[in-house]
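# A closer look at the structure
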Amino acid sequence: MTKPKHAWMIRAGNDNELADIVQEENVVAIGWENMGDVSGLETREEFKDRYREANPEASKWRVSINGGQVYRFTQEIQEGDYVLTYIKASREVLIGLIEGPYEYTDEGYLDHYHHVRRVQWLKKVSRDDFGPRARNSMGSSLTVFNLDNYVDQVHSLASGEEPDVSEEEEETPPFFEEVKAQADELIADLISHLDPYDFQDLVAALLRAMGFRAVSSSPGRDRGVDIVAHPDALGFERPRIKAQVKHRKDSAGGPEMRSFIATLRDGENGLYVSTGGFTRDAEVEARGAREPVTLIDRDAFIQLLLEHYEDLEPEYKAQVPLRKVWVPAE
């Protein structure tokens, strides 16, 4: 069999409820039934417009993602392409070929899945037969997504051969490390889009989550100090912390550090938060300060945020919405 150029994963329903139907009916099907018959649409923008009309409350991100998936299902996937569907109960993957054009069924499978493509199923293989990178890619939360990077593996398995994944296994980092690195970058993206004063308030909220009483100064009136924090309600206990917050791409330099250190009085500790990091001069100034000064860059802030996220006030959780998940450590 000639190897197709493209391979696609199409989920068997939100909770794998179509697993039996796709095998018995030789189809793949997707939801978004409120979009109706989309056979008259051609461009990605037309699909996004239809999705937006059907879901007026949807965010710009959701319009792009979901409208794009229906476009991909009907327009990009071609007859003769490989299609894969995961059978969760047996941890197996169905491999087939797209046999026909897009169809819209009025009744729909399970009343929700009206958008259909006909399939010739060729093989059912174990998920473990794929290499680790392919398995990770199959874990995407999308309903319809491309697997062209692994078409060689798909073709080998569809032909009854064992795919060569030796090189891939050597290059694959531990899954936990890969997921954590991606999550850290996405969290950093969320933080980078915050307004500087919103970020300053988030730093104060983090200090409160850590057990301090922290007050953020009004915009433009900090006089070198953005946050004042202390352990007790009246501010008598030590340590009393003065914090400066810089939310920008540029590193905090020596002159800025010296100006901040000059605001510290006897018995006060300094906290300097800079998402752009610190120059060497700034680090030298902090180490030589008479009063203790702690420097926190973007990565250190994210680590503290994750450690104390559960105790963060709801309004600040909403600024950086996170959800805890469990992933294999090895």
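Description of the structure in this document. What you see is a predicted model, and the numbers here were worked out from it, not measured in a lab.

Criteria and thresholds
- Residues numbered from 1 in each chain as written.
- Predicted model: local features only at pLDDT ≥ 70, side-chain atom pairs only at ≥ 80, totals over all residues.
- Heavy atoms only, no water.
- Phe/Tyr/Trp six-rings, centres within 6.5 Å; stacked < 30°, edge-to-face > 60°.
- Helix = DSSP H or I, 4+ residues; strand = E, 2+ residues; numbered from the N terminus.
- Buried < 20%, exposed > 50% of the residue type's maximum accessible area, 1.4 Å probe, protein only.
- Salt bridge = Lys/Arg side-chain N within 4 Å of Asp/Glu carboxyl O.
- Pairing = 2+ DSSP bridges.
- Axes fitted to C-alpha atoms, helices over the stretch in contact; angles between N-to-C directions.
- Contact = heavy atoms within 4.5 Å.
- Core = buried A, V, L, I, M, F, W, Y, C linked by side-chain atoms within 4.5 Å.
- Parallel < 35°, antiparallel > 145°, perpendicular 65-115°, else oblique.
- Left-handed = near helix turned anticlockwise from the far one by under 90°.
- Nonpolar A, V, L, I, M, F, W, Y, C, P; charged D, E, K, R; others polar.

Enumeration over the complete set of coordinates arrives at 4 aromatic pairs. Ring plane angle 75° and centroid distance 5.5 Å describe the contact between Phe-47 and Tyr-71, whose orientation is recorded as edge-to-face. Here the residue Phe-47 occupies a position in helix α2 (residues 44-54), and Tyr-71 occupies one in helix α3 (residues 60-76), the gap between them amounting to 24 residues. Looking at Phe-47, the relative accessible area reads 0%, which means it is buried. Taken together, the ring pairs connect Phe-260, Tyr-272 and Phe-278 into an aromatic cluster.

With that settled, the discussion passes to the pattern of salt bridges. Evaluation of the coordinates by the stated rule reveals 17 salt bridges. In this structure, the salt-bridge partner of Lys-3 is Asp-152, at a minimum N-O distance of 2.5 Å. With a gap of 149 residues between them, Lys-3 in the segment before β1 (7-10) and Asp-152 in helix α5 (residues 151-158) connect regions that are remote in the sequence. Note on Lys-3: relative accessible area 40%, which makes it partly exposed. The partner of Glu-45 in a salt bridge is Lys-48, and the shortest N-O contact between them spans 3.2 Å. Separated by 3 residues within a single helix, Glu-45 and Lys-48 lie in helix α2, roughly one turn from each other. We classify Glu-45 as partly exposed; its relative accessible area is 44%.

Below, the discussion takes up the sheet that holds strand β8 (residues 213-216). If you walk across this open sheet you meet the 5 strands as β8-β9-β10-β11-β12, and the pairing is mixed. At either margin of the open sheet sits one strand with a lone partner, and together these are β8 and β12 (293-296). With strand direction ignored, the average angle separating the axes of adjacent strands in the sheet is 20°. The pairing of β8 with strand β9 (residues 227-230) spans 4 bridges and is classified as antiparallel. The residue of β9 that forms the bridge with Ala-214 is Ala-229. Contacts between helix α8 (residues 196-209) and the sheet are confined to β8, β9, β10 (240-246) and β11 (268-274), with β8 contributing the most and set at about 170° to the helix.

Burial within α5 is extensive, with 7 of its 8 residues counted as buried. Within α5, burial applies to Val-151, Gln-153, Val-154, His-155, Ser-156, Leu-157 and Ala-158. Backbone geometry just downstream of α5 places Gly-160 in the positive-phi region, at approximately 80°.

A few words now on the nonpolar core. Formed by 33 residues in total, the largest nonpolar core has its most connected members in Ile-10, Leu-18, Val-28 and Tyr-109. When contributions to this core are tallied by element, the ones reaching two or more residues are β1, α1 (19-25), β2 (27-30), α2, α3, β3 (82-87), β4 (92-98) and β6 (113-126). When residues no more than four places from it in sequence are discounted, the contact partners of Tyr-109 are Leu-18, Ile-21, Glu-25, Val-27, Ala-29, Val-116 and Arg-118.

A few words now on unusual backbone geometry. Its identity is not glycine, yet Asn-16 carries a phi of approximately 65°, on the positive side. Among the secondary structure elements, Asn-16 is positioned in the loop between β1 and α1. Asn-16 sits in the buried class, given a relative accessible area of 15%.

What follows deals with the packing of helix α9 (residues 254-261) against helix α10 (residues 280-287). Packing of α9 against α10 brings their axes to within 7 Å, and their N-to-C directions diverge by 25°. By the angle between their directions, the pair α9 and α10 is classed as roughly parallel. For the crossing formed where α9 meets α10, the hand is right-handed. Counting all contacts with α9, which are made through Gly-254, Met-257, Arg-258 and Ile-261, the residues of α10 involved are Asp-281, Ala-282, Glu-285 and Ala-286. Residues that form the contact of α9 with α10 fall into these classes: 4 nonpolar, 1 polar and 3 charged.

Bringing the packing of α2 against α3 into the picture now. As a packed pair, α2 and α3 sit with axes 8 Å apart at the nearest point and diverge in direction by 125°. Relative to α3, the element α2 is oriented oblique. By crossing handedness, the relation of α2 to α3 is classed as right-handed. Residue-level contacts link Arg-44, Phe-47, Lys-48, Tyr-51 and Arg-52 of α2 to Arg-62, Val-63, Ser-64, Asn-66, Gly-67, Gly-68, Val-70, Tyr-71, Arg-72, Thr-74, Gln-75 and Glu-76 of α3. Here the contact of α2 with α3 is composed, by residue class, of 5 nonpolar, 6 polar and 6 charged.

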